[in-house]
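Architecture and fold: a report
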Amino acid sequence: ASVNRTTVTAHYGGRNGLAAIIWAHHVPSIREVVKRTCHAGKTFDEILWSYIQRIAEIARIHNDVTGAYLHVLFSFTKGPSGHNSSADPRRLVLLPDVLADEIRHHNTDLKTEFAGTERDAITFAEFVTNAALLLTMNRKTMSSSQVADYINSTALNGAARDRT
């Protein structure tokens, strides 16, 4: 269907807002991957890897939409309004929440500063999510599995509790 620019802008705030709507439709499939990995009895690092790999896979397939989503996400983040505005894409695309649930569940595997509170879990999940999206967009030669390997290793090297 042909939709004019005025209609898109009125309903979604333009191309970037529409990109956030499109990304929001992928959240259930990412949640399903995480849920399947959990039900298979996998470790937190395997759950984290699956989450990152699925995000990278979607970002790679929907490259232009992901670029527009990142634009609206980071330009909004710089603004003063935080999460309070209904136009904030973080309120629509709840990717970090998918991972934060698992961080809270596996909090004994992580240092307190990464999983001690709900806010800590969300912050760590936002870090991992944004890193996955940015690395996928900036390193086109890396496969989604390579992106997951890299970010999983980097994130867990800093966040995992020492097992000594």
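Just above, that's the structure.
A brief structural summary.

Analysis parameters
- Sequence order as written defines the numbering, with residues in each chain counted from 1.
- Local features in this predicted model are restricted to residues whose pLDDT is 70 or higher, and side-chain atom pairs enter the listing and the counts only when it is 80 or higher, whereas totals over whole chains, interfaces and linings include all residues.
- Only hydrogens and water are set aside; all other atoms, that is, all heavy atoms of the structure, feed into the side-chain values.
- Numbering of helices and strands runs from the N terminus, with a helix taken as a DSSP run of H or I at least four residues long and a strand as a DSSP run of E at least two residues long.
- Between buried and exposed lies partly exposed: a residue is buried under 20% and exposed over 50% of the maximum accessible area for its type, with that area taken using a 1.4 Å probe on protein chains only.
- By definition, residues are in contact when any of their heavy atoms lie within 4.5 Å.
- All accessible-area figures derive from a Shrake-Rupley calculation using a 1.4 Å probe, and residue coverage is judged against the displayed protein chains alone.
- Each residue after the first adds 1.5 Å to the expected span of a helix.
- Taken from the helix axis, the directions to the C-beta atoms give the arc we talk about.
- As used in this record, nonpolar core signifies buried Ala, Val, Leu, Ile, Met, Phe, Trp, Tyr and Cys residues forming a set joined through side-chain atoms within 4.5 Å.
- Every angle, taken between N-to-C directions, lies between 0 and 180 degrees, and every axis is a line fitted to C-alpha atoms, over only the stretch in contact when it is a helix.
- Between 65 and 115 degrees an angle is taken as roughly perpendicular, under 35 as roughly parallel, over 145 as roughly antiparallel, and anywhere else as oblique.
- Crossing handedness follows the turn of the near helix against the far one: under a right angle anticlockwise gives a left-handed crossing, and clockwise gives a right-handed one.
- Charged means Asp, Glu, Lys or Arg here, nonpolar means Ala, Val, Leu, Ile, Met, Phe, Trp, Tyr, Cys or Pro, and polar covers whatever is left, Gly included.

Here we look at the overall build of the protein chain
Secondary structure assignment for the protein chain yields 10 helices and zero strands. Here the protein chain, with 164 residues, has 41% of them falling under the buried criterion. For the protein chain, contacts bridging at least 24 residues in sequence account for 69% of all contacts bridging at least 6. Accessible surface for the protein chain amounts to roughly 9100 Å². Of this, 52% is attributable to carbon and sulfur atoms.

What to know about helix H3 (residues 27–39)
Compared with an ideal rise of 1.5 Å per residue, which puts 13 residues at 18 Å, H3 spans 18 Å between its outermost C-alpha atoms and is within 8% of the ideal. Taken as a whole, H3 has its buried residues at Val 27, Ile 30, Val 33, Val 34 and Thr 37. Buried residues of H3, viewed axially, fall in a sector of 125°; they line one side. With respect to the buried face of H3, the exposed residues turned more than 90 degrees away are Pro 28, Arg 36 and His 39.

Quick look at the nonpolar core
Nonpolar side chains in soluble globular proteins tend to be buried together. Residues Trp 23, Tyr 51, Ile 52, Tyr 69, Ile 103 and Val 128 are the most contacted members of the largest nonpolar core, which totals 44 residues. Secondary-structure elements contributing two or more residues to this core are helix H2 (15–24), H3, helix H4 (44–61), helix H5 (63–77), helix H7 (95–105), helix H9 (118–138) and helix H10 (144–159). When residues no more than four places from it in sequence are discounted, the contact partners of Ile 52 are Val 128, Ala 132, Val 147, Ala 148, Ile 151 and Asn 152.

Considering the side chain of Thr 129
Looking at the secondary structure, you find Thr 129 in helix H9. Setting aside its immediate chain neighbours within four residues, Thr 129 contacts Tyr 51, Ile 55, Leu 95 and Pro 96.

Comments concerning the side chain of Asn 152
Looking at the element boundaries, Asn 152 is found in helix H10. With residues up to four places along the chain from it excluded, the contact list for Asn 152 reads Asp 45, Leu 48, Trp 49 and Ile 52.

Section: the packing of H3 against H4
Their axes nearest at 9 Å, the elements H3 and H4 cross at an angle of 155°. Between H3 and H4, the crossing angle belongs to the class labelled roughly antiparallel. H4 is crossed by H3, and the crossing has right-handed handedness. Facing Ser 29, Ile 30, Val 33, Val 34, Thr 37 and Cys 38 of H3, the residues of H4 in contact are Glu 46, Ile 47, Ser 50, Tyr 51, Arg 54, Ile 55 and Ile 58. Each residue belonging to the contact of H3 with H4 can be placed in one class, and the counts come to eight nonpolar, three polar and two charged.

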